[in-house]
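Structural characterization, general
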Amino acid sequence: IKINDTLFRCLEKLYSFDIPVVLSPSLMSEDGSCQVSYGPLPSFAREILMSLFIYKIIPANLRKKFLYVFVGEEERAIRKGWLAATCLFFKKEQLKELPDEKLYDQTFLYGEELFWGYFWNKIGVVQYYYNKENIVHLVGQSSKINKNYSVKKRKAYQMYGEYIFLKFRYSKIVMFTYYLIR
């Protein structure tokens, strides 16, 4: 039996840093293709840029860095954004820095990484995308066995998670404008 030692290599990498770090390996589909692994936090300014196509005047290297969600190509620190919450490694003492000393639990299945990214960014914890290791993410396989599952329902959970995050960050007027633009 061959045991994949991705877990141990991720922990080894986590403990190699002398600063607080949250680490995520690359997420892969069953067919070996990469999945979205990180991205910028949703914001009003970003939504305006994307909705009004203003982003097209921004140089491609900056668009890639600040506006899009990413399929990771290289190992890198994410200083202002989020890591996919599918598989995160961090030290237990980092929970003490978060509100209520726990991970955000007001969202269901989707959106929690936005809150975690926001709080970790706020307290200076570096989020680190570690593409040298990967895990297979089966994207909703456990949900698909439920007869009530649908892609539409999954998308609704994703949008609701983002809505909860934006509601947390912005006033009702900004939220109204945000959804009007969208």
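Described below are features of the structure shown in this document. Keep in mind the model is a prediction, meaning the values are calculated, not measured. (Residues numbered from 1 in each chain as written. Predicted model: local features only at pLDDT ≥ 70, side-chain atom pairs only at ≥ 80, totals over all residues. Heavy atoms only, no water.)

**Considering the pattern of salt bridges**
The tally for this structure, following the rule as stated, stands at four salt bridges. Residues E75 and K13 are paired through a salt bridge, measuring 3.2 Å at the closest nitrogen-oxygen approach. Of this pair, E75 sits in the loop between helix 3 (60-66) and strand 3 (76-78) while K13 sits in helix 1 (residues 6-14); the two residues are 62 residues apart in sequence, bridging distant segments of the chain. When its relative accessible area of 22% is taken as the criterion, K13 is described as partly exposed. Salt-bridge contacts for E75 lead to K132; the nearest nitrogen and oxygen are separated by 2.7 Å. With E75 in the loop between helix 3 and strand 3 and K132 in strand 5 (residues 126-136), this residue pair connects regions lying 57 residues apart in the sequence. Linked by salt bridges that have partners in common, D5, R9 and E133 make up one network. (Salt bridge = Lys/Arg side-chain N within 4 Å of Asp/Glu carboxyl O. Helix = DSSP H or I, 4+ residues; strand = E, 2+ residues; numbered from the N terminus. Buried < 20%, exposed > 50% of the residue type's maximum accessible area, 1.4 Å probe, protein only.)

**Thoughts on the packing of aromatic side chains**
This model, assessed by the stated rule, comprises eleven aromatic pairs. Between Y118 and F165, the aromatic rings sit 6.0 Å apart at their centres with planes inclined by 75°, giving edge-to-face as the arrangement. Separated by 47 residues along the polypeptide, Y118 in helix 4 (residues 112-123) and F165 in helix 6 (residues 151-169) bring together distant segments of the chain. Judged by centre distance (6.2 Å) and plane angle (35°), the ring pair of Y160 and Y163 falls under tilted. (Phe/Tyr/Trp six-rings, centres within 6.5 Å; stacked < 30°, edge-to-face > 60°.)

**Focus: the pairing of strand 5**
The side chains of a regular strand alternate between both faces of the sheet. In the sheet, strand 1 (residues 21-28) pairs with strand 5 via eight bridges, with the strands oriented parallel. Its bridge partner being in strand 5, P25 is matched across the sheet by Y130. Note that strand 3 and strand 5 share three bridges and pair antiparallel. Its bridge partner being in strand 5, I78 is matched across the sheet by Q127. (Pairing = 2+ DSSP bridges.)

Treat this as a map of the structure, not an account of what it does.
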